[in-house]
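# A closer look at the structure
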Amino acid sequence: MRKPEGTGAGKPQDKFDAVVSKYVETNPVDDIVSWSAEFEISDEVDDTPQA
């Protein structure tokens, strides 16, 4: 679930089921770890606003 504007009634959200097909994580630089991921979505994306 992704909530780009945070949690709250009427705010946007995207919900979907997926399988992680690729995940890459970097070693820490100045105590910051970067990561990226690719997903295979197994169904339609539900973009109904939060209740």
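Everything discussed here concerns the structure shown above.
Owing to the predicted nature of the structure, the values given are computational and were not obtained by experimental measurement. (Residues numbered from 1 in each chain as written. Predicted model: local features only at pLDDT ≥ 70, side-chain atom pairs only at ≥ 80, totals over all residues. Heavy atoms only, no water.)

### Examining the pattern of salt bridges
Counted according to the given criterion, the structure contains 2 salt bridges. The closest approach of N and O atoms between Asp14 and Arg2, which form a salt bridge, is 3.0 Å. Here the residue Asp14 occupies a position in the segment before β1 (18-25), and Arg2 occupies one in the segment before β1, the gap between them amounting to 12 residues. One salt bridge in this structure joins Asp46 and Lys15, with 3.9 Å as the shortest N-O distance. (Salt bridge = Lys/Arg side-chain N within 4 Å of Asp/Glu carboxyl O. Helix = DSSP H or I, 4+ residues; strand = E, 2+ residues; numbered from the N terminus.)

### Things to note about a nonpolar patch on the surface
A cluster of nonpolar side chains, namely Phe16, Val20, Tyr23, Trp35, Phe39, Ile41 and Val45, defines an oily patch on the protein surface of about 720 Å² accessible area. Contributions of two or more residues to the nonpolar patch are made by β1 and β2 (35-41). Here Val20 shows up in strand β1. (Patch = residues over 30% accessible without salt bridge, like charges linked within 9 Å, V, L, I, M, F, W, Y side chains within 5 Å. Areas by Shrake-Rupley, 256 points an atom, 1.4 Å probe, with all protein chains shown as cover.)

### Some details on unusual backbone geometry
Not every positive phi belongs to a glycine, and Asp30 is a case in point at roughly 55°. As for its position among the elements, Asp30 is in the loop between β1 and β2. Using a relative accessible area of 74% as the deciding quantity, one classes Asp30 as exposed. (Buried < 20%, exposed > 50% of the residue type's maximum accessible area, 1.4 Å probe, protein only.)

### Observations concerning the environment of Ser36
Of note, Ser36 is situated in strand β2. For the pair formed by Ser36 and Phe16, sequence separation is 20 residues and the distance between their alpha carbons is 18 Å. Setting aside chain neighbours within four positions, we find Ser36 in contact with Lys22, Tyr23 and Val24. (Contact = heavy atoms within 4.5 Å.)

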